[in-house]
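Each chain is listed here by its residues.
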Amino acid sequence: MKIYFYKMLVLGSFFSASQLFAQQKFAISGYIKDKTNGEVLIGATVVAKENNAATSTNAYGFYSISLPQGPHTILIQYVGYKTLTKIIELNANQSLNLEIEEEGVQLNEVEVSSERPDANVKSMEMSVNKLDIKQLTKIPALFGEVDVIRSIQLLPGVSTVGEGASGFNVRGGTIDQNLILLDEAPVYNSSHLFGFFSVFNPDAVKDVKLFKGGIPAQYGGRLASILDVRLKEGNSKRFAVQGGVGLIFSRLTLEGPLNKGKGSWILAGRRSYADVLAIPYTSSQPDFKGLRLNFYDLTAKANYTFGAKDKLFVSGYLGRDEFGIAAFGFNWGNTTFSTRWNHIFNDKLFMNLTAFYSNYDYNLGAETSGGRNKFLRKANIINYSVKPDFTWYLNSKNTISFGGQIIYHTFKPGSLELISDGRSTSRSLPDKLAVESAVYLANEQTITPRFTVNYGLRFSMFNYIGKGFKQIYADQRLANGIRPLISTDTINGDFQNIQTYLNPEPRLSMKYELTDKSSVKASYMRTAQYIHLISNTAASIPLDTWTPSTNNIKPQLGDQVAVGYFRNFGLNSDFETSIEGFYKNMQNQIDYVDGADLQLNEKLEGELITGKGRAYGLEFFVKKNTGKLTGWISYTLSRSERLANGVNNDKWYPSRFDKTHNLSIVASYQLTERWSLSSNAVFGSGTPVNLPTNKYYFEGYAAPQNPGEPRNNIRIPNYYRLDFTATLKNKKRVMPEEMPTNFFKAAKYRYEWELIFGFYNILGSQNPFAIYPSITFQNDRPRTELKQFSLFGFPIPALTYNFKF
Amino acid sequence: MNHPIKYSILFILFGLLSACIKTINIDAGLGEIQVVVDGLLVYNPNDPAKLIPDTIKIGRSVDYLDNTSRPVINDAVVIVKDSLLQVLDTLKFIGEGKYITSKIKPVIDGIYILNMYLSTGEHYRASSYINRLADFRRLYAVDTIRTVGPVGPVPKGGFVVLDAWDVAGQGDRNQGDNYRFKYFVKRKFNLDNPYFKKNLNTEWQFYYQPDNLILASESSQGNRNPISIEAPFNLPLKLAVMGVEPAILEDKPIYFPGDSIKVQIYSVTEEHLFFYNRLRTELLNGAGGGFSGLFATPIANVPTNVLGVNTDKKALGWFGAASVAEKSVEMIDY
């Protein structure tokens, strides 16, 4: 594989060099921005009309395209924006920064003026879904609050085990197999309020991209997906305010320029207020004394341009959830900080250097008698990382990406402090330290105008290091499945290596354009995952902890192949359609012995089982981008299975998040200039669960039992939901010929509002959130039943007022 | 606060917290029916003459949703032997699948082997071991601190505090000491209390709920050192034994004047504790309903120490042996 890769790279470069002699070429490069607020646009298409050559802007809005000397018609295209046409005379390398303007809503005519980029057909990417914030805002949402994670669950190949469950499952993967990046910094728990909302403030989000397969070589570290969330940079043209008031929380975002548009900043905050509103009802209740039931987050970002070649970004996130009463409670939160430096070495070489810090922690505690009796439990994971990424726009046929990453992980699996009658004891598991590093090289090569290949290799290394402990477990398991601990070696040296893992991760994507409106694509990727969420529940809880690969825990490895057919219909590609099939094989999947103790267990590694996984399926996607009616239909037919020694009698069994059918219909209809209607319809097959078939009585208790010990033996009922919202916007104001310079006077003209109202689960479907065995006692005799819990068994009102000026 | 806002808040809280729970029937099928053993031999220094016999109960498993039948085995021959395979006792059948001891007087460090012969020809065997006693020093009553709470006068009463210590050194064949706690109440009045609904002034009432499977091991006490030190049981355990949550400890009496409370500490083997621990986990797994169902771990069968001697069939339950330390106290009117 490696030899083939290098041959391709050399051949590609050779052909490119030979072409250079044939005709002199020059590069046009620069940034594409939104004309209104100066935000760079990610994925905007730059087309050289006469040459039929095209490229797109990267995550920082930068592009570079090599063209022959002479006149060219350059088209800048981006969905939702007017196409910009620019005629240039190319005699030397040229810097060309352009701004494009957003389209207005076109109610009475089908769009004919702006050409569609057919990006879904023409781009190399497959198994990728991109949502911009404008699309997100159209989707009916729980309580009317736009949410990134809940929205991507409506896409093909993405599912969740239950409403309100934190995280999401991609193509049969677990939730820890998704790398969630916020401006390149990983977020380890993406949930607020246990999963009802995500940590991403939609007012501060610019772009959301989900890679389910064909993941580029620059990304790694997870098996199932990369969710790349990019924050807005802030309005570089003027000071602006945006916000919203909802039933659960309120939002406020401020943004503005720095030094006459050389930079910009944005500051966005949210805070829920269920606890504040509940005070009149809870203050008189001793059980609710000191009630804490809230979450908040603060997202901030600033950027500054130093000359034509350098740009610096600083972004940070701070969020926290708190639940509890005076004597008991727990809280958790993420903190991320990333700084990025964009440098343009020349018209063809672009660099982004990222350094980030990420910390996820939780605390659980109780206290009585003024602190004489107390317990407090803590755990967290901390990352520091440096990540240089280079893009070399070698020529019109080759774009080479290379770079690397090094992450220093600190895992604090848990500490417990106990004070009993003033007497203090403490217990903590030792920190686990690790360094994860990778280098990568990839090339996107246009073989023929219709056939493009992207091939690359990521080479990752993981070092489990000291100071720390190396535990040696017996190979032979005890009757209860546990591997007994034989010895523990103390590693005293800083950065002393305990265990090393090396993994080449080849990546390959191919695209062949059958016509201008259709293409077939295929991809293969190997991914390695070195850190793992220790959780044997269906949905993750905030108290789950992360662990690195150690001498006992091997890295997870995944191989995925996918093929897809992409076809657009209509004069203006009004309909985008795709069918993708995938097969995924996973090694070293973590499972647990029956009754494994996952909390504060120093011998945890002896209670883990390593198994295999496989997932396969078909994904259908139809999207309508134009006209009054927009939206999409997504359908996934899939299977996700696991195999582990000692589980399910050593036979394959369906994973807890195996969903055979998953259908989502998302539609939005622009009724009038001010009114729009939106609706979601969702159907999902029941997921498998473990439920007892038998029971026996012991000491008056009824113990559930499954003879034969099958895993996930029963499927819960199917899931149905229909949501509906209506949005009313303000009347369009007549703008003055010259906008007042005073912000508040100008705000009178700029003030825009929208009122969103409707219902989530309008049919009141009683969907199973969980099915569980229930034991009650009647006259000291246990009575066993199966209970179904439906979280939203009736229509939930949505009401939000949004504003901006 | 005006009414519309008030109702919308209540509506949201209702949606988030109450949701909808219903009983469903899913045809999970019926697995293989198995023999169940429920037995415990006890050394209790308060009963040196062994006036209270020990009971071994034998039954069969049933369909999980069957709440009417409790099949028992009434024609078994049940024999207890020592480690030298000398017969100590042939248990006497007293009905409803129960067999009681008459000769055996369990002692600390004693090893006991249960042999069970069914009329179907199946022979099952299990063994257990009696560990040293826990250091149970005192059980004392504490009056509720407040006389007036946030919602009015607090009735007279209080709670009990356990003064018990983990014994120094590694017990249980050097694997650490392991304990199970049980608490019983004799109510003076027929209070409408969720724990004890009956008026059983003459009888100790045991609270049959999963969270009354209160367990402790040296590791849970934070003392798993090569040679453990003497240490009092920690706060969460003490609270659990009292059947009270920390939040309401100081505001609400749990017991009232005239009530008697008894606490027993069973010193069991590590395997026996593991069995109880697994049983408790399964009984509590998702038992809170709602969210807890989603956070439930996959159902796993509780282990057993009852093995088939001449059959491949698997049995269920546990044959245990334990030493027990107990204290009782009465809440006094003040």
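Model, not experiment: these values are computed from the prediction.

S.K.: So what exactly am I meant to see when it comes to the overall build of chain A here?
M.R.: What chain A contains, in helices and strands, is six helices and 51 strands. In summary, chain A has a C-alpha radius of gyration of 27 Å against a globular reference of 28 Å for 805 residues, a match within 12%. Sorting the 805 residues of chain A into buried and exposed places 61% on the buried side. Only carbon and sulfur atoms are counted for the fraction: they give 58% of the accessible area of chain A, which is about 31,000 Å². Separation of charge centres in chain A, based on 87 positive and 71 negative side chains, amounts to 2 Å.

S.K.: Hey, could you run me through a nonpolar patch on the surface in this one?
M.R.: All names here are of chain A. Taken together, the side chains of Y512, L514, V520, Y565, I579, L618, F620 and L637 define a hydrophobic patch exposed on the protein surface, amounting to about 610 Å² of accessible area. At the level of elements, β32 (497-515) and β38 (608-624) are the ones that each hand at least two residues to the nonpolar patch. Following the sequence through the fold, V520 ends up in strand β33 (residues 518-529). Since its relative accessible area comes to 33%, V520 is described here as partly exposed.

S.K.: What is the right way to look at the nonpolar core in this model?
M.R.: Here is a general trend for soluble globular proteins: nonpolar side chains tend to be buried in one another's company. Counting 78 residues, the largest nonpolar core has F168, F200 and L227 of chain A as the members making the most contacts within it. At four residues, strand β24 (residues 349-368) of chain A tops the list of elements feeding residues into this core.

S.K.: Whenever I open this one, the pairing of strand β16 (residues 205-211) of chain A confuses me. Can you help?
M.R.: Two faces belong to every sheet, and in a regular strand the side chains alternate between them. All names here are of chain A. Burial within β16 is extensive, with seven of its seven residues counted as buried. The pairing of strand β9 (residues 128-132) with β16 spans five bridges and is antiparallel. Residue D132 lies in a different strand from β16, and its bridge partner there is D207.

S.K.: Help me out: how do you make sense of the environment of E602 of chain A in this one?
M.R.: Relative to the assigned elements, E602 of chain A resides in the loop between β37 (575-592) and β38. On a C-alpha basis, the gap between E602 of chain A and L429 of chain A in space is 6.2 Å, while along the polypeptide they are 173 residues apart.

S.K.: Help me out: how do you make sense of the packing of aromatic side chains in this one?
M.R.: Aromatic ring pairs are defined here through the distance separating the ring centres and the angle between the ring planes. Residue and element names in this part refer to chain A. Evaluation of the coordinates by the stated rule reveals 39 aromatic pairs over all chains. For the ring pair F197 and F249, a centre distance of 5.2 Å and an interplane angle of 85° mean the geometry is edge-to-face. Here F249 lies in strand β19 (residues 249-258) and F197 lies in strand β15 (residues 197-198), a separation of 52 residues in the sequence. Just as F197 is buried, F249 falls in that class too.

S.K.: When you look at the pattern of salt bridges in this model, what are you seeing that I'm missing?
M.R.: In a structure, side chains of opposite charge can pair up when their charged atoms sit close to one another. All names here are of chain A. Inspection of the entire model under this criterion finds 39 salt bridges over all chains. Linking R270 and D297 is a salt bridge whose minimum nitrogen-to-oxygen distance equals 2.7 Å. Taken as a pair, R270 in strand β20 (residues 263-272) and D297 in strand β21 (residues 292-306) lie far apart in primary sequence, 27 residues in all. The exposure class assigned to D297 is buried, which follows from its relative accessible area of 2%. The salt bridge involving K511 is made with E513; its shortest N-O contact spans 2.9 Å. Overall, the relative accessible area of 8% leaves E513 in the buried class. Salt bridges sharing common partners tie together E184, D228, R230, K387 and D389.

S.K.: Help me understand empty space enclosed by the protein in this model?
M.R.: A water-sized probe, rolled over the atoms, reveals where empty space remains. All names here are of chain A. Tallied over the entire structure, the rule returns 16 cavities of 30 Å³ or more. Each pocket or cavity is described by its volume, and for the largest cavity that value is around 420 Å³. If you trace the largest cavity, you find 35 residues lining it, with Q153, T160, V682, Y719 and R721 closest to the centre. Partitioning the lining of the largest cavity into residue classes produces 16 nonpolar, 13 polar and six charged.

S.K.: Explanation requested: the sheet that holds strand β13 (residues 185-186) of chain A in the structure shown.
M.R.: Residue and element names in this part refer to chain A. The strand order β9-β16-β17-β12-β13 describes an open sheet built from five strands, whose pairing is mixed. Two strands close off the open sheet at either side, each with one partner strand: β9 and β13. Pairing geometry for β16 and strand β17 (residues 225-231), over six bridges, is antiparallel. Note on β17: the bridge partner recorded for V205 is L231.

S.K.: What am I meant to see in the confidence of the model for chain A here?
M.R.: Detailed reading of the predicted coordinates is not advisable wherever pLDDT falls low. Summing up the model confidence of chain A, the mean pLDDT is 86 and the portion of residues at 70 or higher is 92%. Across residues 105-115 of chain A, confidence stays below pLDDT 50; counting only partners more than four residues off in sequence or on other chains, it has 18 contacts.

S.K.: Would you mind going over the confidence of the model for chain B with me for this structure?
M.R.: Residue and element names in this part refer to chain B. Here chain B shows a mean pLDDT of 76. Residues at 70 or above account for 66%. Here residues 1-14 is a poorly scored stretch, pLDDT under 50, and it has 16 contacts once near neighbours within four places are set aside; other chains count. This stretch, residues 220-231, has a pLDDT under 50; its non-local contacts, to residues over four places away or in other chains, come to 39 contacts.

What counts, and at which threshold
- Per-chain numbering applies: the sequence of each chain, read as written, is numbered from 1 onward.
- Each chain gets a letter, beginning with A, and each ligand a number, beginning with 1, in the order they are written.
- pLDDT decides what is reported in this predicted model: residues at 70 or higher carry local features, side-chain atom pairs at 80 or more are listed and counted, and totals for whole chains, interfaces and linings draw on all residues regardless.
- Where side-chain values are given, they derive from all heavy atoms of the structure, hydrogens and water being excluded.
- Secondary structure elements are taken from DSSP: a helix is a run of H or I of four residues or more, a strand is a run of E of two residues or more, and numbering for both begins at the N terminus.
- Both definitions apply: the radius of gyration is a C-alpha atom measure, and the globule rule equals 2.2 Å times residues to the power 0.38.
- Partly exposed residues are those whose accessible area sits between 20% and 50% of the maximum for their type, while under 20% is buried and over 50% is exposed, using a 1.4 Å probe and protein chains only.
- Calculation of accessible area relied on Shrake-Rupley with a 1.4 Å probe; when residues are assessed, cover is drawn exclusively from the protein chains displayed.
- Residues counted as positive are Lys and Arg, residues counted as negative are Asp and Glu, and His and the chain ends are not counted.
- To locate a charge, take NZ of a lysine, CZ of an arginine, CG of an aspartate or CD of a glutamate.
- Residues enter patches when they are more than 30% accessible in relative terms and free of salt bridges; like-charged ones are connected within 9 Å and nonpolar ones (Val, Leu, Ile, Met, Phe, Trp, Tyr) within 5 Å.
- Any carboxyl oxygen of Asp or Glu within 4 Å of a side-chain nitrogen of Lys or Arg constitutes a salt bridge here.
- To form a nonpolar core, buried Ala, Val, Leu, Ile, Met, Phe, Trp, Tyr and Cys residues must be joined to one another through side-chain atoms within 4.5 Å.
- DSSP bridges decide pairing: two strands pair if at least two such bridges lie between them.
- Any pair of Phe, Tyr and Trp rings, taking the six-membered ring for Trp, is counted once the centres come within 6.5 Å. Such a pair is stacked with planes under 30 degrees apart, edge-to-face with planes over 60 apart, and tilted for the rest.
- Space inside and on the surface of the protein is sampled on a 1 Å grid over the protein atoms alone, with a cavity defined as a set of points where a 1.4 Å probe fits but cannot get out and a pocket as an open set with protein on both sides within 12 Å along at least 5 of 7 lines; lining residues have an atom within 4 Å of a point.
- Grid points are joined across faces, edges and corners, and a volume is the space filled by probe spheres set on the points.
- Under the grouping applied here, Gly and all other residues not named as nonpolar or charged are polar, the nonpolar ones being Ala, Val, Leu, Ile, Met, Phe, Trp, Tyr, Cys and Pro and the charged ones Asp, Glu, Lys and Arg.
- Residue-level confidence of the predictor is what pLDDT reports, using numbers from 0 through 100.
- The contact definition used throughout considers only heavy atoms, calling two residues in contact when any of these lie within 4.5 Å.

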